[in-house]
Amino acid sequence: MSDLSTVLESVNTQIYGVWFLAGAALVFWMQAGFAMVESGFARAKNAGNILMKNLMDFCIGTVMFILIGFGLFLGEDILGGFLGKPNFDIFSHYAEFDWSNFVFNLVFCATTATIVSGAMAERTKFLSYCVYSAVISALIYPIEAHWTWGGGWLAQMGFHDFAGSNCIHMVGGICALIGAIIVGPRIGKFTKGKDGKIEKINAFPGHNIPLGALGVFILWLGWCGFNGAAATDLSQLGAIFVTTTIAPSVATVVCMIFTWVKYGKPDVSMCLNASLAGLVAITAPCDTVDAFGAIIVGAVAGVLVVFGVWFLDNVIHVDDPVGAVAVHMMNGIWGTLAVGLLSTNTVPGYCLADREGNELVGLFYGGGFKLLGIQFVGMLATAAWTTVTIIIAFLMIKAIFGLRVSEEEEITGLDITEHGLTSAYAGFSIMDVTGMEMQANENTDLGVPEFENASPALRNAAVPVEQAPTAPMFDSGMYKVAIIAKLSRYDQLRKALNDLGVTGMTVTQVMGCGIQKGAGEKYRGVEIDATLLPKVKVEVVVSKIPVKSIVETAKKALYTGHIGDGKIFVYDVRNVVKVRTGEEDYAALQDVE
């Protein structure tokens, strides 16, 4: 009988060793989920840049984890449990190396790094982001993770974070918040009044919600490995799968109801974020709460994610394009504290105890405040470490490399300016113009100062004006002005025309090239013969406002002195009919110029 028990134990160990690596593969697959969510929730002109950042998070993270991160994380305990001893065992003792543990913890490290990409999306330099990714993978994450999972001082006092609400999601969320604050909001996100205070928050909808939804489902699948891979037996694994399914489901339902009541309709993107919020929150207590506890965790997460997005936009005015701070930081904190509130010893494999070996249970199950206090200490210590180190890292990166791209690069899009990628959707027509509301504001700018000093010949060469010949019998006094310009100058043009009295326009994103050919971009090392450059076509029909004023205002707004500033076409309009009222000619234009 003893021999049979030994064989069964050996088989069980082998099976769970395979599941451990399969779980690591599922966590790696989550990189695809993050890439889909972040690119889908951003604008099309930055999709390739976001994909590249997610790819490099894992690749750069692997290099740094090999060199120093793994040793700091799981090396011999030094400095009283503060960090592990750096080593090169992967090179010097490869035959006896703990390969499985290395791969498993590597994929978790990459997850921590990639959370930041979405919060700083659409305006961060690629080089600077790569440096950040190296720093968090080499130092910030391995040291704090050692405290909890490497036998460090938090583990010794009984702190519990089964799969990473604290060590991964809160840490990544704090880095995302600080990074978003330091890099600043995207152009046009917040509109300031004359007193300098923010008076309006502008929404920049994600360009591909189906892609974002696909990413959420990929992440949900990957979370089965994220939470379940460290299970030690089948009953514990089954219980973890149950709680990992309940929490995000409840969070999504609660969020749907909440947004339905608050906004009048259930919000699609917010509900997708709520699914992730529920998964983040259940990550720490997935092995210590029962079904009822998972419901509570999910319900709070569903409301907290909506509050978090609102709080960042309306209170502290931090621009987070994908909601990473609300999802990861806020729900990472909640999940960490939920261990101290909802842990029950009725779940399979329960083993929470303090350093004296006394069993610990949650406050709501009669355990008092001891476990909750331990969780608070662990959470605050990890948050303090992360805050200090990431502020230092970002400020150093900003001073050395610069953190933010130029205004023109941001408006044009990081795909073309950072990677030479004309579009991540070659062959598709993608409209990507934001901030189209016509209104006057304090930021109105009629162009660069050099316009006033440039000669008439230079002005006309930069922004040529062509007028179709007029047939005398059809001179109605109404004209259509069509303006082709750089996408990066659209906002200045819109504001300038609005100040002139134009309150209606038709805007189309177009592609084209002329004397201003492409920049000789390459695809897979081969130069592209002709690069179609992104342009914007603005059309207005006027009668009361002089055409000359429209033309001069447009030239001022568009002028930079370089070929490709744009072109203006002026056409006669024979008739205009307002469909709603039936008014024609001059009367039809009076409320739309």
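Conventions and cut-offs
Residues numbered from 1 in each chain as written. Predicted model: local features only at pLDDT ≥ 70, side-chain atom pairs only at ≥ 80, totals over all residues. Heavy atoms only, no water. Helix = DSSP H or I, 4+ residues; strand = E, 2+ residues; numbered from the N terminus. Buried < 20%, exposed > 50% of the residue type's maximum accessible area, 1.4 Å probe, protein only. Contact = heavy atoms within 4.5 Å. Areas by Shrake-Rupley, 256 points an atom, 1.4 Å probe, with all protein chains shown as cover. Pairing = 2+ DSSP bridges. 1 Å grid on protein atoms, 1.4 Å probe; cavity = no way out; pocket = protein on both sides within 12 Å on 5 of 7 lines; lining within 4 Å. Points joined across faces, edges and corners; volume = space filled by probe spheres on them. Nonpolar A, V, L, I, M, F, W, Y, C, P; charged D, E, K, R; others polar. Core = buried A, V, L, I, M, F, W, Y, C linked by side-chain atoms within 4.5 Å. Axes fitted to C-alpha atoms, helices over the stretch in contact; angles between N-to-C directions. Parallel < 35°, antiparallel > 145°, perpendicular 65-115°, else oblique. Left-handed = near helix turned anticlockwise from the far one by under 90°. Patch = residues over 30% accessible without salt bridge, like charges linked within 9 Å, V, L, I, M, F, W, Y side chains within 5 Å. Salt bridge = Lys/Arg side-chain N within 4 Å of Asp/Glu carboxyl O. Phe/Tyr/Trp six-rings, centres within 6.5 Å; stacked < 30°, edge-to-face > 60°. Lys NZ or Arg CZ within 6 Å of the ring centre and 35° of its normal. pLDDT = per-residue confidence, 0-100. Expected span 1.5 Å × (residues − 1).

1. Structural notes on the overall build of the protein
Here is step 1: Secondary structure assignment for the protein yields 20 helices and 11 strands.
Here is step 2: Expressed as a percentage of its 593 residues, the buried residues of the protein come to 52%.
Here is step 3: Contacts spanning at least 24 positions in sequence make up 78% of the contacts within the protein whose residues lie at least 6 apart.
Here is step 4: Accessible area for the protein stands at about 25,700 Å²; split by element, carbon and sulfur atoms hold 65% of it.

2. Focus: the pairing of strand β10 (residues 533-542)
Here is step 1: Buried residues dominate β10, accounting for 8 of its 10 residues.
Here is step 2: Alignment of strand β6 (residues 479-486) against β10, held across 8 bridges, turns out to be antiparallel. Bridge pairing in β10 links Y479 to V542.
Here is step 3: Two strands pair when backbone bridges link them, and strand β7 (residues 506-512) and β10 are joined in this way by 7 bridges, in the antiparallel orientation. Bridging from a neighbouring strand, V510 pairs with K535 of β10.

3. Observations regarding empty space enclosed by the protein
Here is step 1: The tally for this structure, following the rule as stated, stands at 2 cavities of 30 Å³ or more.
Here is step 2: Contributing to the lining of the largest cavity are F34, V37, E38, I115, N273, L276, V322, G323, A324, V327 and H328.
Here is step 3: Residue assignment for the lining of the largest cavity shows that the elements contributing at least two residues are α1 (2-41), α10 (268-283) and α12 (324-342).
Here is step 4: Residues of the lining of the largest cavity, tallied by class, amount to 7 nonpolar, 3 polar and 1 charged.
Here is step 5: Put simply, the second largest cavity is a space of about 50 Å³.
Here is step 6: Considering the residues around the second largest cavity, the lining is formed by F65, I66, L67, I68, F70, G71, N87, D89, I90, F97 and F102.
Here is step 7: Of all the secondary-structure elements, those providing two or more residues to the lining of the second largest cavity are α2 (47-74) and α3 (89-92).
Here is step 8: Per-element accounting of the lining of the second largest cavity gives the leading share, 6 residues, to α2.

4. Here's the deal with the environment of A145
Here is step 1: Within the fold, A145 resides in helix α5 (residues 126-149).
Here is step 2: Under the relative-accessibility criterion, A145 is labelled buried at 0%.
Here is step 3: With 62 residues separating them in the primary sequence, A145 and L83 have C-alpha atoms 8.8 Å apart.

5. So, the nonpolar core
Here is step 1: With 118 residues, the main nonpolar core has F108, Y132, Y141, W223, F226, I390 and F394 as its most contacted residues.
Here is step 2: Ranked by residue count, the leading element in this core is α12, at 12 residues.
Here is step 3: Every residue in contact with F394, bar those within four places of it in the chain, is listed here: V116, M120, Y132, C175, I178, G179, I182 and L403.
Here is step 4: Counting residues in hydrophobic clusters, the runner-up holds 23 residues, among them I483, A496, V507 and V547.

6. A few points about the packing of helix α18 (residues 490-500) against helix α19 (residues 547-558)
Geometrically, a packed helix pair is captured by the angle between its two axes and the distance between the axes.
Here is step 1: Closest axis-to-axis distance for the α18/α19 pair is 9 Å, and the angle between their directions is 150 degrees. When the interaxial angle is binned, α18 and α19 end up roughly antiparallel. With respect to the hand of their crossing, α18 and α19 are arranged in right-handed fashion. Contact residues: α18 offers Q492, L493, A496, L497 and L500, while α19 offers S549, I550, T553, A554, A557 and L558.
Here is step 2: Broken down by class, the residue content of the contact of α18 with α19 amounts to 8 nonpolar, 3 polar and no charged.

7. Focus on a nonpolar patch on the surface
Here is step 1: Together, L127, V388, I392, M396, I400 and F401 make up a nonpolar patch on the protein surface, roughly 580 Å² of accessible area in all.
Here is step 2: If you tally residues by element for the nonpolar patch, the top one is helix α13 (residues 370-400), at 4 residues.
Here is step 3: Examined against the element boundaries, M396 turns out to sit in helix α13.
Here is step 4: Owing to a relative accessible area of 47%, M396 belongs among the partly exposed residues under this scheme.

8. Examining the packing of aromatic side chains
Each pair of aromatic rings is reported with the distance of its centres and the angle of its planes.
Here is step 1: Counted under the stated rule, the structure contains 25 aromatic pairs.
Here is step 2: Ring-pair connections join several aromatic residues into one group, and the members of that group are F20, F104, F108, W149, W223 and F226.
Here is step 3: The ring centre of Y129 lies 5.4 Å from the NZ or CZ of K53, which sits over that ring.

9. Focus: the packing of α5 against helix α7 (residues 165-183)
Here is step 1: Remark: α5 packs on α7, axes separated minimally by 10 Å, with the N-to-C direction vectors making an angle of 140 degrees. Considering their axes alone, α5 and α7 lie oblique with respect to each other. Note on packing geometry: the crossing formed by α5 with α7 is right-handed. Contacts between α5 and α7 involve I136, Y141, E144, T148 and W149 from the former and C167, I168, V171 and C175 from the latter.

10. Some remarks on the confidence of the model for the protein
Here is step 1: The predicted model of the protein averages 87 in pLDDT, with 86% of residues at 70 or higher.
Here is step 2: Between residues 435-449, whose pLDDT stays under 50, and residues either more than four places distant or in other chains, the model counts 38 contacts.
Here is step 3: Taken as a whole, residues 522-527 scores under 50 in pLDDT and shows 7 contacts with residues more than four places along the chain or in a different chain.

11. A short note on the pairing of β6
Here is step 1: Across 7 bridges, the pairing between β6 and strand β11 (residues 566-572) is antiparallel. Within β11, the position partnered with A485 by the bridge is G566.

12. Brief notes about α19
Here is step 1: Counted at 1.5 Å a residue, the expected span for α19 with its 12 residues is 16 Å, and the 16 Å between its end C-alpha atoms agrees.
Here is step 2: Turning to α19, its buried residues number three or more, namely V547, I550, V551, T553, A554, K555, A557 and L558.

13. Focus: the environment of W310
Here is step 1: Inspection of the secondary structure puts W310 in helix α11 (residues 291-314).
Here is step 2: With 13 residues separating them in the primary sequence, W310 and G323 have C-alpha atoms 9.8 Å apart.

14. Considerations on the pattern of salt bridges
Here is step 1: A full pass over the atoms with the stated rule returns 13 salt bridges.
Here is step 2: Residues D354 and K370 are paired through a salt bridge, measuring 2.5 Å at the closest nitrogen-oxygen approach. Here D354, found in the loop between α12 and α13, pairs with K370, found in helix α13; they are 16 residues apart in sequence, far enough to count as distant.
Here is step 3: Residue K370 is classed as partly exposed on the basis of its relative accessible area, which comes to 42%.
Here is step 4: Measuring nitrogen to oxygen at the nearest pair gives 3.5 Å for the salt bridge that ties K480 to E539. Of the two residues, K480 sits in strand β6 while E539 sits in strand β10, which places them 59 residues apart along the sequence.
Here is step 5: Via salt bridges that share partners, R43, E122, R186 and D319 belong to a single interconnected network.

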